[in-house]
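# Examining the three-dimensional arrangement
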Amino acid sequence: MMTPKENVMAILNRTSPDKYIDIMDAVVLLPDPAMLEGRIPQDGKEYKNAWGVTYQWMPGAPGAHPHVTPENAVIKDIEHWRDTFKAPAYEGLDWSMAKEVAASVDRNEKLVCVMFGGGLFEMSHHLMGMEQAFMNYMEYPDEMTELLEEVAKYKIGYIYEMAKQVQPDIIFYHDDWGSKQNVFLPPRIWRQLLKPIQTRIADAIHDCGMIYMHHADCICQPIVEDMVEIGIDIWQGVIAQNDIPEIQRITEGKLAMVGGIDGPAIDIANITEEQIRAEVRRAFDTYCPAGRFFPSIPNGICFREWNNKIFMDEKDKYGVEYAKAHPQTLPPYPFKVPTINPELLK
């Protein structure tokens, strides 16, 4: 019987696992001290985080969200962004809780993971508001590039700090690059401004001996070949509105993917048990034949308790059934776990 980690590595290497699983079932998320410092209560009130961004967590909402207005925006004038922007320090954080959790993990059984939110694009619109960010990307590309470079300095420095403190197996990097309809930025602009800087972030992750898993539960189809070129190892959050078989074809198996089950379609009232189970099986049957695919709901769960119980049951049962009925016949994909560059961790 394979361990959860062994199942993950079998899927990544396109060999036969005992069970097709959601990769998140095989990871242990460490408590990130920067994220813990930024927690706010679910009371609907406004709070500023270490970047100066105003957040709210409304009662009943699944999480906190930025609440950026013309009055509270950190950057009101992109031509003078240096006057109001300052990245927080990442030195001196309390890593004791993360180290304790990391020490408790049998790394032969599970993979240790740190969730790293607020990617380049997300941080840019958190600092100035979505509409203003869109305009600035189009009208002030030089200034936006300079800002992104400064955000990236923090990101890369913090990646090295994570490696020194707890050496995660995976960095779970968050940056939603689109909606359910399309990518947010024209691909030309995204390639010009974000791609080169994101590549350096990917290089830092790999230099630290970690797998780069990128969360984007949205349309990314127009830029998936770029995601491969950047060095993203795993795309987590692949929504069914992408043409996933076509993405598997054009990326030639180089981009492992997590998702494919249409969560919003089954997380509704007045749906039958069989309809939920059928959607789970559809994703397995449609996307797993190409290999390097982890079937899941992109955001992980159904929020309705009954729906989630049925979804989880079918995912677990059919994951075993599918693996037994469909041994891998495609050539293995020699996925290499990055090796640490020790000079960077001194």
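Residues numbered from 1 in each chain as written. Predicted model: local features only at pLDDT ≥ 70, side-chain atom pairs only at ≥ 80, totals over all residues. Heavy atoms only, no water.

## So, the overall build of the protein chain
- Looking only at helices and strands, the protein chain features 13 helices and 10 strands.
- Its C-alpha atoms give the protein chain a radius of gyration of 20 Å, near enough to 20 Å, the size a compact globule of 346 residues would have.
- Viewed in the frame of its principal axes, the protein chain has a C-alpha envelope of about 60 × 50 × 40 Å.
- Sequence-distant contacts in the protein chain: of pairs separated by 6 or more residues, those separated by 24 or more amount to 70%.
- Here the protein chain has roughly 15800 Å² of accessible surface; of this, 52% comes from carbon and sulfur atoms.
- Charged side chains in the protein chain number 33 positive and 51 negative. The centres of these two groups are separated by 3 Å. (Helix = DSSP H or I, 4+ residues; strand = E, 2+ residues; numbered from the N terminus. Rg over C-alpha atoms; globule rule 2.2 N^0.38 Å. Contact = heavy atoms within 4.5 Å. Areas by Shrake-Rupley, 256 points an atom, 1.4 Å probe, with all protein chains shown as cover. Lys, Arg positive; Asp, Glu negative; His and termini not counted. Charge placed at Lys NZ, Arg CZ, Asp CG, Glu CD.)

## Describing the sheet that holds strand S2 (residues 46-48)
- Strand order in the open sheet made by the 3 strands is S2-S3-S4, with antiparallel pairing throughout. Strand pairing shows two members of the sheet lacking a second neighbour, S2 and strand S4 (65-66), which therefore form its edges.
- Here S2 pairs with strand S3 (residues 54-56) via 3 bridges, running antiparallel. Bridged to Tyr-47 within S3 is Tyr-55. (Pairing = 2+ DSSP bridges.)

## Here's the deal with the packing of helix H12 (residues 273-287) against helix H13 (residues 305-325)
- Contact geometry of H12 with H13 gives a least axis separation of 9 Å together with a crossing angle of 40°. Regarding the angle of H12 to H13, the classification is oblique. Every pair of crossing elements has a handedness; the one defined by H12 and H13 is right-handed. Seen from H12, the contacting residues are Glu-273, Ile-276, Arg-277, Val-280, Arg-281, Phe-284 and Asp-285; seen from H13, they are Trp-306, Asn-307, Ile-310, Phe-311, Asp-313, Glu-314, Lys-315, Tyr-318, Gly-319 and Tyr-322. (Axes fitted to C-alpha atoms, helices over the stretch in contact; angles between N-to-C directions. Parallel < 35°, antiparallel > 145°, perpendicular 65-115°, else oblique. Left-handed = near helix turned anticlockwise from the far one by under 90°.)

## Some points on the environment of Lys-45
- Inspection of the secondary structure puts Lys-45 in the loop between helix H2 (33-37) and S2.
- Residue Lys-45 is classed as exposed on the basis of its relative accessible area of 54%.
- Considering only alpha carbons, one finds Lys-45 and Pro-222, 177 residues apart in sequence, at a separation of 38 Å.
- Residues contacting Lys-45, with those up to four places away along its chain left out, are Tyr-55, Gln-56 and Trp-57. (Buried < 20%, exposed > 50% of the residue type's maximum accessible area, 1.4 Å probe, protein only.)

## Brief notes about the pairing of strand S7 (residues 211-215)
- Most of S7 sits inside the fold, with 5 of its 5 residues counted as buried.
- Along S7, one buried face is formed by Ile-211, Met-213 and His-215 and the opposite face, lined by Tyr-212 and His-214, is buried too.
- When strand S6 (residues 170-174) meets S7, the two strands line up parallel, connected through 5 bridges. Bridging from a neighbouring strand, Tyr-173 pairs with His-214 of S7.
- Across 3 bridges, S7 lies against strand S8 (residues 234-238) in parallel orientation. Within the sheet, the bridge partner assigned to His-214 lies in S8 and is Trp-235.

## Here we look at the pattern of salt bridges
- Throughout the structure, instances matching the rule amount to 19 salt bridges.
- Residues Asp-226 and Lys-195 are paired through a salt bridge, measuring 2.8 Å at the closest nitrogen-oxygen approach. Of the two residues, Asp-226 is situated in helix H9 (residues 224-230) and Lys-195 in helix H8 (residues 195-207); the sequence distance between them amounts to 31 residues.
- Lys-195 gets classed as buried once you look at its relative accessible area, which sits at 15%.
- Salt bridges sharing common partners tie together Glu-273, Glu-274, Arg-277, Arg-281, Asp-313, Glu-314 and Lys-317. (Salt bridge = Lys/Arg side-chain N within 4 Å of Asp/Glu carboxyl O.)

## Some remarks on the nonpolar core
- Core analysis: the biggest nonpolar cluster contains 106 residues, and Tyr-137, Leu-194 and Trp-235 have the highest contact counts within it.
- Of the residues forming this core, the biggest block, 11 residues, is contributed by helix H6 (residues 141-165).
- Once residues within four sequence positions are removed from consideration, Leu-194 is found in contact with Leu-120, Phe-121, Tyr-137, Leu-148, Trp-177, Leu-185 and Ile-189. (Core = buried A, V, L, I, M, F, W, Y, C linked by side-chain atoms within 4.5 Å.)

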